[in-house]
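Okay, here's what each chain looks like letter by letter:
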Amino acid sequence: MAEIKADEISSVILSEIEGYEKRLDVAKEGTVIQVGDGVSIIYGLDYAMMGEIIEFSSGFLGYVLNLEEDTAGVVILGLENSVKEGDKARCTGRIMEVLVGEALLGRVVNGIGEPVDGKGPITTPHRRHIEEKAPSIVARMPVCEPLQTGIKAIDSMIPIGRGQRELIISDRSLGKTAIVVDTILNQKEEDVFCIYVAIGQKQSNVASVVDILEKNGAMEYTTVISATANSPAPLQYLAPYTGCCMGEYFRDTGRHSLVIYDDLSKHAQAYRQMSLLLRRPPGREAYPGDIFYLHSRLLERAAKYNEVNNGGSLTALPIIETQAGDISAYIPTNVISITDGQIYLEADLFYGGIRPAINVGLSVSRVGSAAQIKAMKKVAGRLRLDLAQYRELAAFAQFSSDLDKATLAQITRGERMTEILKQEQYKPMSVAKQVMIIEAGVEGFLDSIPKEKVRDFEKGFFKFMDEKYPEIEKEIKETKDLSDDLKERLDKAILEFKEEFEKR
């Protein structure tokens, strides 16, 4: 019997190791055994990963959403009839990722970042996975920097800070999209990069939003992600995550970004459609059990980084559409519990001519005055109080003909403040101008002006200030404060214009 020598064994092992070519073969093939409604079941993809990109023999791509013992549930990122039973499908080893960076500014892309505006391909070296972990608590800092929307009612009473998540909620056609478009327009000189994600919208609506942004020069700092109603459900499902990682690119490079999800009700419906087709167990309202996680993992990625992490921020403005004002439905309550406050638009106010139709009683910002400049803090506190007292008395006053002097004064003040907060669509206002007109209201300068002339007073007042006292607005902008001396000069200017206005 031959003797086994240890040195011979070790030399054989070493030569085998040297000759071993290190490679990871993840390109495993499977076969499509079932397909329909944009969802395919593939047998044999043993090495598939959740969220992996799958390539079909037809050239189309898929996205792994379900992993079972023998099969993988893959949603098709293309036309429903692009994949047939019997087609081959192979793993690519790549988790779903999209292009990010400055090259996407001014472009309209689909749910996975591919251009759909006819302006040619997008070239950028930067890519990101669409699913990323939310920043840790240690990496964050409290929201303290305002994100000015240019809308008086929001900036004064429901302030939004950079890094915040503020929900906009109402029934259809009450001005939700108008608010977010105004907010984008107002970022022109604010160094905030905007991503507008349209989920399940009509193509004509998305086209009109792009047109407004282009006319106002806002597309220079904006990317529009269009996953319209005729897009496949998988693209509608992926669109918000695509938008989020585009915003994260700016946040992680120390800059500020704003992502608008319009709207997450349709996003949830797209996910429900895919989940039911993948035979996941339905829960309340037929939504799958992980519907809360769908939105929480998206919205938790909005954050204000601390200085150690470059101090960038990602602000999220999700939109939810309610049915008949029911904010206690499943998806609205889920998103309300995730966000840092909500702006509630009311049909009665909208049809009563109060636009934006913000119900100040039901709307709240959990960041509060931390996201306001000092000048706004000084004038806005009394504004909220005046409006609260007015709402309380207005209901009571309609049943009574004779009112005492104090009650009448409060109703008069409330009516004037309500008029001040009305604003034309797509005309955002600088925070300094907001401070000036709110100061005129809370100090009682408008009490003697007829209610129907308050809007004319506002227009004339701004023109007067631009011509005679432009330094007041400039000083509020620069100092972000309303010092006693500046307040005195502003009050004198308001009084001067009021006397001039009453002579007309």
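Since we're looking at a predicted model, the values are computed, not measured.

Conventions adopted
Residue positions are given per chain, counted from 1 along the sequence in the order it is written. For this predicted model, a pLDDT threshold of at least 70 governs which residues receive local features, and a threshold of 80 or more governs which side-chain atom pairs are given and counted, while totals over whole chains, interfaces and linings are taken from all residues. As a rule here, side-chain values cover all heavy atoms of the structure and leave hydrogens and water aside. Only DSSP runs of H or I with at least four residues qualify as helices, and only runs of E with at least two residues qualify as strands; both kinds are numbered from the N terminus onward. Axes here refer to lines fitted to C-alpha atoms; in helices the fit is confined to the stretch in contact. Angles between the N-to-C directions go from 0 to 180 degrees. Note that the term roughly parallel is reserved for angles under 35 degrees, roughly antiparallel for angles over 145, roughly perpendicular for angles of 65 to 115, and oblique for everything else. We call two residues contacting when some pair of their heavy atoms lies within 4.5 Å. Any residue outside Ala, Val, Leu, Ile, Met, Phe, Trp, Tyr, Cys, Pro, Asp, Glu, Lys and Arg is labelled polar, Gly included; the first ten of those are nonpolar and the last four are charged. When DSSP finds two or more bridges between two strands, those strands count as paired. Salt bridge criterion: a side-chain nitrogen from Lys or Arg within 4 Å of a carboxyl oxygen from Asp or Glu. Think of a patch as exposed residues, more than 30% relative accessible area, with no salt bridge, where like charges cluster within 9 Å and nonpolar side chains (Val, Leu, Ile, Met, Phe, Trp, Tyr) cluster within 5 Å. Per-residue accessibility takes into account occlusion by the displayed protein chains alone, with areas from the Shrake-Rupley method and a 1.4 Å probe. In this count, Lys and Arg are taken as positive residues and Asp and Glu as negative ones, while His and the chain termini are left out. A charge is said to be at NZ when it belongs to Lys, at CZ for Arg, at CG for Asp and at CD for Glu. A 1.4 Å probe rolled over the protein chains alone gives each residue an accessible area, and that area as a share of the maximum for its type sets the label: buried under 20%, exposed over 50%, partly exposed in between. On a range of 0 to 100, pLDDT expresses the predictor's confidence in each residue.

Overview of the environment of isoleucine 319
Turning to step 1, where the next piece is worked out: Within the secondary structure, isoleucine 319 is located in strand S15 (residues 313–321).
Turning to step 2, where the next piece is worked out: For isoleucine 319 and glutamate 392, which are 73 residues apart along the polypeptide, the C-alpha to C-alpha distance reads 29 Å.

Considering the packing of helix H13 (residues 454–468) against helix H14 (residues 470–479)
Turning to step 1, where the next piece is worked out: Where H13 contacts H14, the two axes come as close as 5 Å, and the packing angle between them is 95 degrees. On the basis of their axis angle, the class for H13 and H14 is roughly perpendicular. Residues Met465, Asp466, Glu467 and Lys468 of H13 form the contact with H14, whose own contacting residues are Pro470, Glu471, Ile472 and Glu473.
Turning to step 2, where the next piece is worked out: Across the contact of H13 with H14, the residue classes break down as 3 nonpolar, no polar and 5 charged.

What to know about the sheet that holds strand S5 (residues 71–76)
Turning to step 1, where the next piece is worked out: What the 6 strands build is a closed barrel, ordered S1-S2-S5-S4-S3-S6; its pairing is antiparallel. Adjacent strand axes in the sheet meet at a mean angle of 45 degrees when their direction is disregarded.
Turning to step 2, where the next piece is worked out: Bridging between strand S4 (residues 61–67) and S5 involves 5 bridges; their strand directions are antiparallel. Within the sheet, the bridge partner assigned to leucine 67 lies in S5 and is alanine 72.

A look at the pattern of salt bridges
Turning to step 1, where the next piece is worked out: Within this structure, the stated rule accounts for 38 salt bridges.
Turning to step 2, where the next piece is worked out: Between arginine 162 and glutamate 190 there is a salt bridge whose closest N-O contact spans 3.5 Å. Remark: glutamate 190 occurs in the loop between helix H3 (176–185) and strand S11 (192–199) and arginine 162 occurs in the loop between helix H2 (152–157) and strand S10 (167–170); sequence separation between them is 28 residues.
Turning to step 3, where the next piece is worked out: Between aspartate 491 and lysine 487 there is a salt bridge whose closest N-O contact spans 3.5 Å.

Regarding a negative patch on the surface
Turning to step 1, where the next piece is worked out: On the surface, Asp46, Glu68, Glu69 and Asp70 cluster together to form a negatively charged patch.
Turning to step 2, where the next piece is worked out: Within the fold, aspartate 70 resides in the loop between S4 and S5.
Turning to step 3, where the next piece is worked out: Residue class for aspartate 70 comes out partly exposed when judged on its relative accessible area of 47%.

Points about the confidence of the model for the protein
Turning to step 1, where the next piece is worked out: The predicted model of the protein averages 92 in pLDDT, with 96% of residues at 70 or higher.
Turning to step 2, where the next piece is worked out: In the predicted structure, residues 23–27 sits below a pLDDT of 50 and forms 5 contacts with residues beyond four places in sequence or in another chain.

So, a nonpolar patch on the surface
Turning to step 1, where the next piece is worked out: There is a patch of nonpolar side chains on the surface, built from Ile9, Ile13 and Ile17 and spanning about 280 Å² of accessible area.
Turning to step 2, where the next piece is worked out: Inspection of the secondary structure puts isoleucine 13 in helix H1 (residues 6–19).

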